[in-house]
Amino acid sequence: ILGNKIIKKNISSGKEEVLFERDKQIYHLSISEDKTTLAFYVGEMGTGGTQQELYSMPINSSKPKMLWKATKEQFFTWHGGLNFFPDGKTLLLSLSTKNIEKQGEKSQQLFTININTLEKKPLGKERTDPNDFFEHVRLSPDGKKIAFSKIRTSGNIWSLEFDF
């Protein structure tokens, strides 16, 4: 999704209802397994994104909850994805941080965040080698494996199993 609105449309009647609207892009829409909750980013795409925010929202509501606002040095990784764990309350995401002391350098870290408590936990180690950065991160339906590719290497798909 790339736009500035989330629209709910009744397939039978064709009626549309705007659930959420901003003057910035809305992207990486994710729906919980039980189909009751949306999660999405608002901001500018890419590595130079500004004022990026992470939201969740009950699917039948127009009242989003801001979960995380990235700092000036941070941005939600465009290629990192946004995935719900099977519990419908925990998200997996990738956050990059610019090194303000070394121009052009950055790091990448996977995080989980509970949409109810806002508790954030790093998952795995912080990555500082751009050749090792995650891209196209996807969570398995059981929430026990992550599939991903790496940004600067071949088109290989990697899998990581963990105990969450």
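Refer to the preceding data block for the structure.
Please read these numbers as outputs of a predicted model, since none were measured by experiment.

What follows covers the environment of Lys125. Mapping Lys125 onto the fold places it in strand β10 (residues 120-127). Assessed through its relative accessible area of 59%, Lys125 is described here as exposed. With 17 residues separating them in the primary sequence, Lys125 and Gln108 have C-alpha atoms 8.9 Å apart. With residues near it in sequence (within four places) discarded, Lys125 still touches Gln108 and Gln109.

Mapped onto the secondary structure, Gln108 falls in strand β9 (residues 106-114). Owing to a relative accessible area of 1%, Gln108 belongs among the buried residues under this scheme. Here Ser94 takes part through its side chain, which lies 3.2 Å from a polar atom of the side chain of Gln108. With residues near it in sequence (within four places) discarded, Gln108 still touches Thr77, Ser94, Leu95, Ser96, Lys125, Glu126, Arg127, Phe133 and Phe134.

Attention shifts here to the packing of aromatic side chains. This structure, assessed with the given rule, holds seven aromatic pairs. Their ring planes at 90 degrees and their centres at 5.7 Å tell us that Trp68 and Phe76 sit as a pair that is edge-to-face. Residue Trp68 is classed as buried on the basis of its relative accessible area of 6%. The structure contains a cluster of three or more aromatic residues connected by ring pairs, namely Tyr27, Tyr41, Trp68, Phe76 and Phe111. The side chain of Lys120 reaches across the aromatic face of Trp68, ending 4.2 Å from its centre.

Relative to strand β5 (residues 65-69), strand β4 (residues 53-58) is paired through four bridges, and the arrangement is antiparallel. From the neighbouring strand, Tyr55 faces β5, where its bridge partner is Met66. Where β4 hands over to β5, the hairpin turn is made up of six residues, counted between the paired strands.

Residues other than glycine seldom take positive phi values, yet Lys35 does so here, at roughly 60 degrees. Here Lys35 lies in the loop between β2 (16-31) and β3 (37-43). By relative accessible area, Lys35 is classed as exposed at 57%. The phi dihedral of Leu118 is positive, around 65 degrees, even though this residue is not glycine. We classify Leu118 as partly exposed; its relative accessible area is 33%.

Within β4, five of the six residues are buried, which leaves the element mostly enclosed by the surrounding structure. Sheet topology places β3 next to β4; six bridges connect them, and they run antiparallel. Pairing of Tyr41 across the sheet is with Leu54, part of β4.

Scoring rules and cut-offs
Residues numbered from 1 in each chain as written. Predicted model: local features only at pLDDT ≥ 70, side-chain atom pairs only at ≥ 80, totals over all residues. Heavy atoms only, no water. Helix = DSSP H or I, 4+ residues; strand = E, 2+ residues; numbered from the N terminus. Buried < 20%, exposed > 50% of the residue type's maximum accessible area, 1.4 Å probe, protein only. Contact = heavy atoms within 4.5 Å. Polar contact = N/O pair within 3.5 Å; in protein donor to acceptor, adjacent residues only side chain to side chain. Phe/Tyr/Trp six-rings, centres within 6.5 Å; stacked < 30°, edge-to-face > 60°. Lys NZ or Arg CZ within 6 Å of the ring centre and 35° of its normal. Pairing = 2+ DSSP bridges.

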